[in-house]
Amino acid sequence: MKHLLQYIWVISLLVTLSSCDSSQPLMPQTGNWNFSFDLREGVDLEVSARLSEEQGTYRLSFDNGGEDIVMDEVTMHNDTLRTQFPVFLSYLEGKLVSANEWKGYFYDPSRGPDYKIPFSAQLGEKSTPPTSTAVSLDETWDVLFSPGTEDEYPAIGKFQIASDGTARGTFLTETGDYRFLHGILVDSQLTLNTIDGAHLFVFEAQLQVDGQLSGSFYSGKHWQEPWTAKVNPEATLRDPDVLTVLNEGYDALSFSFPNMAGDSVRFPSDAYKGKAVVVQILGSWCPNCMDETRLLTQWHQTYHDQGLEIIGLAFERSESTAGVERMKESMGVPYEILLASTTTSKRTAAEKLPMLNHVLSYPTSIWIGRDGTIRKIHTGFNGPGTGVPYQQFVTEYQALIEKMLAEEA
């Protein structure tokens, strides 16, 4: 009888343990999380996020210094947690070590199946180290990336430093801006970063005794370059409306590319005759293109019934249309986007559009009047992270749209 009772007790214990294991899967705790992405040895991208849950559905929102990157496609399978970035194909996936610790990788399929960057995340409030010197960087900075090399290019730096040392800003370049950057100034060491689903950027710089900044720019695990900056309130870049022009012998734009269904779409054609048209050269992998697409989508909704048409020409990293389709669906893009090329080579883009002297940047927009003549070609896009330059663009080009629409067909 004693052995029988011991046997029953052991069986009951095993059943209880088995029931506990199956009925209580590991779940992440909601609240503020701190993420650290390991771009390379000694270079980490630090960013905060908020994990919330409602009726069993999780949502992760990154604080990207002026914008929220909201990830509402969160799935759990056993102890594996995966969340998809909006707009892009990239995602985070990893194991829950505990309810308040998550380790895994950032994956970007558009860059290839092996592109991944490790990260770790812990629950808790992020502490901000105090600044020990009253350094001010709230100036306009004349910037050079890769100075003294054949890859050198200019930029304008705009930074704002709060009293607690937290920093925000961006860089404007001739092909677009580096969007919303945020970080910290400790003593004379500036760190700015961003995560938007397509890019993981870290900018580091030291304020030198002569007042200049000198540091390094890291993009994911695939790019690193030096940069320098000096204060210059008069810093300027070349006019983006004169960088791309029509080649001699051409007076109009023409092309024929397949849409997402594989059907050929031509321009010019009867479908666009007598319309004001914006042709957008873009890639679904390009954050500046997404900023421009949001604005063009607003203008399409406002002016389409008055005769505005927009056509996107996508230059993608592969033959897959998944990136464009995801972009259109997640952003509610109402206009047609054609698959212009399965490579992002700017040389290939120029060959596809031989009437242009070059394609210097993704995005590039071509503005065409009702009579078919090109009114402007705008290279690059400085988005909402730039503040005043973005508002100036909106004002100028909205006026251009209204002027083209007011003309006779």
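Look a little higher up for the structure.
No experiment lies behind these values; they were computed from the predicted model shown.

*Asks:* Describe the overall build of the protein chain, naming the residues involved and giving the relevant values.
*Replies:* Helix and strand counts for the protein chain come out as 5 helices and 25 strands. When the backbone C-alpha atoms are referred to their principal axes, the protein chain occupies close to 105 × 60 × 35 Å. Looking at the protein chain as a whole, 46% of its 409 residues are labelled buried. Accessible surface, the protein chain as shown: approximately 19,900 Å² in total, 49% of it carbon and sulfur. Computing the positive centroid from 30 side-chain charges and the negative centroid from 54, the protein chain places the two 4 Å apart.

*Asks:* Can you explain the pairing of strand 7 (residues 91–98)? Please cite residues and give values.
*Replies:* Across 5 bridges, the pairing between strand 6 (residues 80–84) and strand 7 is antiparallel. Bridging across to strand 7, Thr83 finds its partner in Leu92. With antiparallel pairing between neighbouring strands as the criterion, strand 6 and strand 7 make up a hairpin whose turn holds 6 residues, including Val87 at a positive phi of roughly 75°. Pairing of strand 7 with strand 8 (residues 101–107), which is carried by 7 bridges, proceeds in the antiparallel orientation. In the sheet register, Ser98 faces strand 8, and the bridge partner there is Glu101.

*Asks:* Could you give me a rundown of the sheet that holds strand 3 (residues 57–63), with the residues and numbers involved?
*Replies:* One open sheet accounts for 9 strands, arranged 4-3-2-1-9-8-7-6-5; its pairing is antiparallel. Across the chains shown, the open sheet's two edge strands, defined by having one partner strand only, are strand 4 (68–71) and strand 5 (73–77). On average, each strand axis in the sheet is inclined to that of its neighbour by 25°, with strand direction left out of account. Here strand 8 runs beside strand 9 (residues 116–123); their pairing, made up of 7 bridges, is antiparallel. The residue bridging Lys103 from the neighbouring strand is Ser120, located in strand 9.

Reading the values: rules and limits
Residues numbered from 1 in each chain as written. Predicted model: local features only at pLDDT ≥ 70, side-chain atom pairs only at ≥ 80, totals over all residues. Heavy atoms only, no water. Helix = DSSP H or I, 4+ residues; strand = E, 2+ residues; numbered from the N terminus. Buried < 20%, exposed > 50% of the residue type's maximum accessible area, 1.4 Å probe, protein only. Areas by Shrake-Rupley, 256 points an atom, 1.4 Å probe, with all protein chains shown as cover. Lys, Arg positive; Asp, Glu negative; His and termini not counted. Charge placed at Lys NZ, Arg CZ, Asp CG, Glu CD. Pairing = 2+ DSSP bridges. Axes fitted to C-alpha atoms, helices over the stretch in contact; angles between N-to-C directions.

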